[in-house]
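What the coordinates show
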Amino acid sequence: MSDYEMTDKEEIYSKVLRAGRRTYFFDVRATKAGDYYLTITESKKFTNDDGSYHYKKHKIYLYKEDFSEFREILAEMTDYIINEKGEEVISERHQRDFKREDDFATQETKTAENLNGTESFTDISFDDI
């Protein structure tokens with residue numbers, strides 16, 4: 001039996017949450033003994049310089065004996081964040097002067113060009129951050 005078939009048989013129930021460049025997969029799976037556990041996978045899309053793309057995935061496994069405490073702590077942490085910062089998204093990438101680390105070389109080149117010329121720039125748009 002291939003790994004794909006094995007994985008396919010282990011998946012019992014699934015939900016997907018698409019959130020911008022991130023996708024979260026919630027999968028109920030079965031252990032060899034026939035019990036159930038939950039996997040949560042974050043998949044994030046990255047675009048390469050040549051226009052192709054790849055995904056980075058991170059997965060956590062949650063077992064029944066941890067559900068109660070996990071749920072309590074998750075609720076406590078999410079409530080804390082909302083109470084402290086509200087529901088509006090505050091993100092450094094929404095700020096005018098935000099620069100990604102991998103854009104520093106590009107930024108330095110643009111700055112050098114502007115110092116040599118008479119033009120100046122005030123706003124930079126980063127697509128697909």
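Right above here is the structure, for reference.
Computed from a predicted structure; not experimentally measured.

All told, the structure shown has two salt bridges when counted by the stated rule. Between Arg 22 and Glu 42 there is a salt bridge, and its shortest N-O distance comes to 2.8 Å. On the criterion of sequence distance, the pair formed by Arg 22 in strand β2 (residues 22-30) and Glu 42 in strand β3 (residues 36-47) is long-range, its members being 20 residues apart. In this structure, Lys 64 engages Asp 35 in a salt bridge whose closest nitrogen and oxygen atoms are separated by 2.7 Å. Of this pair, Lys 64 sits in helix α2 (residues 64-85) while Asp 35 is found in the loop between β2 and β3, placing the two residues 29 residues apart along the sequence. Given the relative accessible area of 46%, Lys 64 is considered partly exposed.

Right, let's talk about the sheet that holds β3 for a bit. Spatially, β1-β2-β3-β4 is the arrangement adopted by the four strands of the open sheet, whose pairing is antiparallel. At either margin of the open sheet sits one strand with a lone partner, and together these are β1 (11-19) and β4 (53-63). Each strand of the sheet is rotated relative to its neighbour by a mean of 20°, with strand direction disregarded. Judged from the 11 bridges that link them, β3 and β4 form a sheet pairing that is antiparallel. If you follow Thr 47 over to β4, its bridge partner there is Tyr 53.

Okay, a nonpolar patch on the surface next. A cluster of nonpolar side chains, Ile 12, Tyr 13 and Tyr 36, forms an exposed patch at the surface whose accessible area comes to about 320 Å². Structurally, the position occupied by Tyr 36 is in strand β3.

Okay, a negative patch on the surface next. Together, Glu 65, Asp 66, Glu 69, Glu 72, Glu 76 and Asp 79 make up a region of like negative charge exposed at the surface. Mapped onto the fold, Asp 66 is located in helix α2. Overall, Asp 66 belongs to the partly exposed group, its relative accessible area being 36%.

Thresholds, definitions, all that
- Residues numbered from 1 in each chain as written.
- Predicted model: local features only at pLDDT ≥ 70, side-chain atom pairs only at ≥ 80, totals over all residues.
- Heavy atoms only, no water.
- Salt bridge = Lys/Arg side-chain N within 4 Å of Asp/Glu carboxyl O.
- Helix = DSSP H or I, 4+ residues; strand = E, 2+ residues; numbered from the N terminus.
- Buried < 20%, exposed > 50% of the residue type's maximum accessible area, 1.4 Å probe, protein only.
- Pairing = 2+ DSSP bridges.
- Axes fitted to C-alpha atoms, helices over the stretch in contact; angles between N-to-C directions.
- Patch = residues over 30% accessible without salt bridge, like charges linked within 9 Å, V, L, I, M, F, W, Y side chains within 5 Å.
- Areas by Shrake-Rupley, 256 points an atom, 1.4 Å probe, with all protein chains shown as cover.
- Lys, Arg positive; Asp, Glu negative; His and termini not counted.
- Charge placed at Lys NZ, Arg CZ, Asp CG, Glu CD.

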